[in-house]
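An overview of the molecular structure
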Amino acid sequence: MNDEHTPDDNALELIEFESPGRFTSHNPDSQLPTPAAWEPAPFALGSEQALQRFSLPDQARSHALALMQQARRTLCLYSPDLDPWLYNHSSIAQACTQFALSHRNSELRILLRDSSRAIRDGHRLIGLSRKLSSSVQIRRCHPDYPVPDGAFLLADDTGLLMRPEPDQFGGYAKYQDAARVRQLQRQFDQTWDTSITDPDLRSFLL
């Protein structure tokens, strides 16, 4: 028998390890940058008499924002597909939120012919209707009943934004035209009374 000590063949040789130090990791912000704020048109709801024509998207946006910021009681929006270029913006959502929260019994009603695009791509006003369901309602026009022409926004009982051709940017705004607003309001209310709750829209909001 060999009395000489022999190392275990299965023993692992000790390895000295030195940490290279600490590293700082940086994960980029996943949120999209906030869009630049829009500027409202410089006209007073209920005071400005002149017809304000527009042909460019930015002009339409400034009038829509001015009307929404100044409304106190009702906003009625009629659109084929919720016009994302005009209404899907943080400035519009903020104006509608302020309208709904700041004025007692205020009501924003939105009528769409087709909600598929807004549901597919997402829309700030759809999200707002989920958060403020008692003040913001979205419905779809009934396919078996007539619908108004064009696309328009009504502010209280005096202001309006009208786009006669919904697939174009051009149109006009009036800040004091009670007679025309009453006419469009009747068409809107008649269409609203026969409108339906879109099941796809409901499932999107849940």
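As shown above, the structure is provided for reference.
Attention here is on the structure that accompanies the text. (Residues numbered from 1 in each chain as written. Predicted model: local features only at pLDDT ≥ 70, side-chain atom pairs only at ≥ 80, totals over all residues. Heavy atoms only, no water.)

**Some remarks on the layout of surface pockets**
The condition that has to hold: Space inside and on the surface of the protein is sampled on a 1 Å grid over the protein atoms alone, with a cavity defined as a set of points where a 1.4 Å probe fits but cannot get out and a pocket as an open set with protein on both sides within 12 Å along at least 5 of 7 lines; lining residues have an atom within 4 Å of a point. Grid points are joined across faces, edges and corners, and a volume is the space filled by probe spheres set on the points. Note on conventions: DSSP H or I runs of at least 4 residues are helices, E runs of at least 2 residues are strands, and numbering of each starts at the N terminus. Amino acids are sorted into nonpolar (Ala, Val, Leu, Ile, Met, Phe, Trp, Tyr, Cys and Pro), charged (Asp, Glu, Lys and Arg) and polar (every other residue, Gly among them).
Of the voids in this model, the second largest pocket is the one considered here, and its volume is about 160 Å³. Forming the walls of the second largest pocket are 14 residues, and the residues nearest its centre are Met68, Gln69, Gln94, Ala95 and Gln98. Ranked by residue count, the leading element in the lining of the second largest pocket is helix α3 (residues 90-102), at six residues. Partitioned by chemical class, the residues of the lining of the second largest pocket number seven nonpolar, six polar and one charged.

**So, the pairing of strand β2 (residues 74-79)**
What counts here: Only protein chains enter the accessibility calculation, which uses a 1.4 Å probe; a residue is then buried when its area is under 20% of its type maximum, exposed when over 50%, and partly exposed in between. Note on pairing: DSSP must find at least two bridges between two strands before they are called paired.
Counted residue by residue, β2 has five buried out of six residues, so it is predominantly covered. Bridge analysis of β2 against strand β3 (residues 107-112) gives six bridges, and the strand direction is parallel. Bridging from a neighbouring strand, threonine 74 pairs with glutamate 107 of β3. Strand direction decides the pairing type here: β2 and strand β5 (residues 151-155), joined by four bridges, are antiparallel. Residue pairing for β5: leucine 77 is matched across the bridge by leucine 153.

**Things to note about the side chain of lysine 174**
Let me state the cut-off plainly: We define a polar contact as two N or O atoms separated by no more than 3.5 Å, with the added condition that, inside protein, one atom must be a possible hydrogen donor and the other a possible acceptor, whereas residues neighbouring each other in sequence contribute only through side-chain atom pairs. The contact criterion used is simple: two residues touch if any of their non-hydrogen atoms lie within 4.5 Å.
Residue placement: lysine 174 occurs in strand β7 (residues 171-174). Polar side-chain contacts of lysine 174 include one of 3.3 Å to the side chain of aspartate 177. Setting aside anything within four residues of it in sequence, one finds lysine 174 in contact with Gln49, Leu51, Leu67, Thr158, Gly159 and Leu160.

**With respect to the pairing of β7**
Alternating positions in β7 separate into two faces, Gly171 and Ala173 on one and Tyr172 and Lys174 on the other, with burial throughout. In this sheet, β7 lies alongside strand β1 (residues 52-54) in antiparallel orientation, the contact comprising three bridges. Bridging across to β7, glutamine 52 finds its partner in alanine 173.

**With respect to the nonpolar core**
Using the following cut-off: Within this scheme, the nonpolar core is defined by two criteria: the residues are buried Ala, Val, Leu, Ile, Met, Phe, Trp, Tyr or Cys, and they are joined through side-chain atoms within 4.5 Å.
Among the nonpolar cores identified, the biggest contains 37 residues, and Tyr87, Ile92, Leu125 and Leu153 are the most heavily contacted of them. If you list the elements that add at least two residues to this core, you get α1 (57-70), β2, α2 (84-87), α3, β3, α5 (124-131), β4 (136-140) and β5. Of the residues forming this core, the biggest block, six residues, is contributed by α1. Isoleucine 92 has contacts with Trp38, Ala64, Leu65, Met68, Leu86, Tyr87 and Leu125, leaving out every residue within four places of it along the chain. Among the nonpolar cores identified, the runner-up in size contains 13 residues, and Cys76, Cys141, Leu154 and Tyr172 belong to it.

**Some words on the pattern of salt bridges**
The criterion, for reference: We count a salt bridge whenever a side-chain nitrogen from Lys or Arg sits within 4 Å of a carboxyl oxygen from Asp or Glu.
Going through the model one piece at a time under the given rule, you end up with eight salt bridges. Between arginine 61 and aspartate 58 there is a salt bridge, with the nearest N and O atoms lying 2.7 Å from each other. With arginine 61 and aspartate 58 both in helix α1 and three residues apart, this pair spans about one turn of that helix. Note on arginine 61: relative accessible area 18%, which makes it buried. Here aspartate 83 ties to arginine 163 by a salt bridge, and the two come within 3.0 Å at their closest N and O atoms. Pair noted here: aspartate 83 is in the loop between β2 and α2 and arginine 163 is in strand β6 (residues 159-163), with a separation of 80 residues, a long-range link. Judged by relative accessible area, aspartate 83 falls into the buried class, the value being 4%. Several salt bridges converge on common partners, so that one network encompasses Glu107, Arg109 and Asp189.

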